Amino acid sequence: MKVAFTLNGDQVTWDVHPGETFFETLKMEGHYSAKRGCNTGDCGVCIVTLDGENIHSCQIFSGSVEGQCVRTIDGIVYRNKKTGEVIVKDKVKPAETSS
């Protein structure tokens, strides 16, 4: 199935498989900033923003991002290759942490 959405400010349309997590799709499409951790939504290393809300990409199906705006860390910060400075493109709210 095809899924159209905005990723880091760019309109994209990807072919996804039913039952495929968004984390898996990101990797297959060459986006590696979200990392694999617990695969249960507990650790937070796979967090992306979906319409401004922090979500665990390992816990949602790829089809659920249809028509929405997704940002990975690549859409929020980047490193200046000449100076090494980290540039914040866009501020997002911090992820919730469990105590």
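These figures come from a predicted structure and were not determined experimentally.

Q: Is there a simple way to explain the overall build of the protein in this structure?
A: When its secondary structure is counted, the protein shows 1 helix and 7 strands. The burial tally for the protein puts 30% of its 99 residues in the buried class. Relative to all contacts within the protein whose residues are 6 or more apart in sequence, the contacts with residues 24 or more apart total 38%. For the protein, the accessible surface area stands at approximately 6,400 Å², while carbon and sulfur atoms represent 51% of it.

Q: Just to check I follow, could you spell out unusual backbone geometry for this structure?
A: Comment: phi is negative for the bulk of residues other than glycine, and the bulk of peptide bonds are trans. The backbone phi angle of Asn 8 is positive, close to 55°, even though this residue is not glycine. Position of Asn 8 relative to the elements: it lies in the loop between β1 (2-7) and β2 (10-15). Even without being glycine, Asn 39 reaches a positive phi, approximately 65°. Assignment of secondary structure puts Asn 39 in the loop between α1 (22-28) and β3 (47-50).

Q: Even after reading the chapter, I still don't get the pattern of salt bridges, so can you show me in this structure?
A: Side chains bearing opposite charge may pair, as long as their charged atoms lie close to each other. Here the structure, examined in full by the defined rule, presents 1 salt bridge. The salt bridge partner of Lys 2 is Asp 15, with a shortest N-O separation of 2.9 Å. Here Asp 15 lies in strand β2 and Lys 2 lies in strand β1, a separation of 13 residues in the sequence.

Q: What's the story with the sheet that holds β3 in this structure? I'm lost.
A: Within a sheet, neighbouring strands are paired by backbone hydrogen bonds and run either parallel or antiparallel to one another. One open sheet accounts for 5 strands, arranged β2-β1-β5-β3-β4; its pairing is mixed. The sheet terminates laterally at β2 and β4 (53-56), the two strands that pair on one side only. The mean angle between the axes of side-by-side strands here comes to 40°, regardless of whether they run parallel or antiparallel. Sheet analysis places β1 next to β2, joined by 6 bridges and oriented antiparallel. Across the sheet, residue Thr 6 finds its bridge partner in β2, namely Gln 11.

Q: I would appreciate a short explanation of empty space enclosed by the protein in the present structure.
A: In this approach the atoms are scanned with a rolling probe the size of a water molecule, which exposes any empty space left behind. According to the stated counting rule, one finds 1 cavity of 30 Å³ or more in the structure shown. Taken as a whole, the largest cavity holds about 50 Å³ of empty space.

Q: Looking at this structure, I do not really get the packing of aromatic side chains. What am I missing?
A: Per the stated rule, a full pass over the model turns up 3 aromatic pairs. Considering the side-chain rings of Trp 14 and Phe 22, the 6.5 Å spacing of their centres and the 25° angle between planes classify their relative orientation as stacked. The class of Trp 14 is buried, set by a relative accessible area of 7%. Taken together, the ring pairs connect Phe 5, Trp 14 and Phe 22 into an aromatic cluster.

Q: When you look at the nonpolar core in this model, what are you seeing that I'm missing?
A: What tends to happen in soluble globular proteins is that the nonpolar side chains get buried as a cluster. Core analysis: the biggest nonpolar cluster contains 18 residues, and Phe 5, Trp 14, Phe 22, Val 65 and Val 70 have the highest contact counts within it. Beyond its immediate chain neighbours, meaning those up to four positions away, Val 65 contacts Val 3, Ala 4, Phe 5, Phe 22, Leu 50, Ile 60 and Val 70.

Conventions and cut-offs
- Residue indices follow the written sequence of each chain, beginning from 1 at its first position.
- pLDDT decides what is reported in this predicted model: residues at 70 or higher carry local features, side-chain atom pairs at 80 or more are listed and counted, and totals for whole chains, interfaces and linings draw on all residues regardless.
- Side-chain measures here rest on the full set of heavy atoms in the structure, leaving out hydrogens and waters.
- By the criteria applied, helices consist of DSSP H or I runs no shorter than four residues and strands consist of E runs no shorter than two, each listed in order from the N terminus.
- For the exposure calls, accessible area comes from a 1.4 Å probe over protein chains only, and a residue counts as buried if that area is under 20% of its type's maximum, exposed if over 50%, partly exposed in between.
- The contact criterion used is simple: two residues touch if any of their non-hydrogen atoms lie within 4.5 Å.
- Accessible areas in this description were obtained via Shrake-Rupley with a 1.4 Å probe; residue shielding takes into account the shown protein chains only.
- By convention in these notes, a salt bridge is any Lys or Arg side-chain nitrogen within 4 Å of a carboxyl oxygen on Asp or Glu.
- In this analysis, strands are considered paired if DSSP registers two or more bridges between them.
- Axis lines are fitted to C-alpha atoms, over the contacting stretch for helices. Their N-to-C directions set the angle, which ranges from 0 to 180 degrees.
- Definitions used throughout: a 1 Å grid over protein atoms alone; a cavity as a set of points that fits a 1.4 Å probe which cannot get out; a pocket as an open set with protein on both sides within 12 Å along at least five of seven lines; a lining residue as one with an atom within 4 Å of a point.
- Grid points are joined across faces, edges and corners, and a volume is the space filled by probe spheres set on the points.
- When two rings of Phe, Tyr or Trp (its six-membered ring) have centres within 6.5 Å they constitute a pair, described as stacked for plane angles under 30 degrees, edge-to-face for angles over 60, and tilted for the intermediate range.
- Remark: nonpolar core denotes a set of buried residues (Ala, Val, Leu, Ile, Met, Phe, Trp, Tyr, Cys) joined through side-chain atoms within 4.5 Å.

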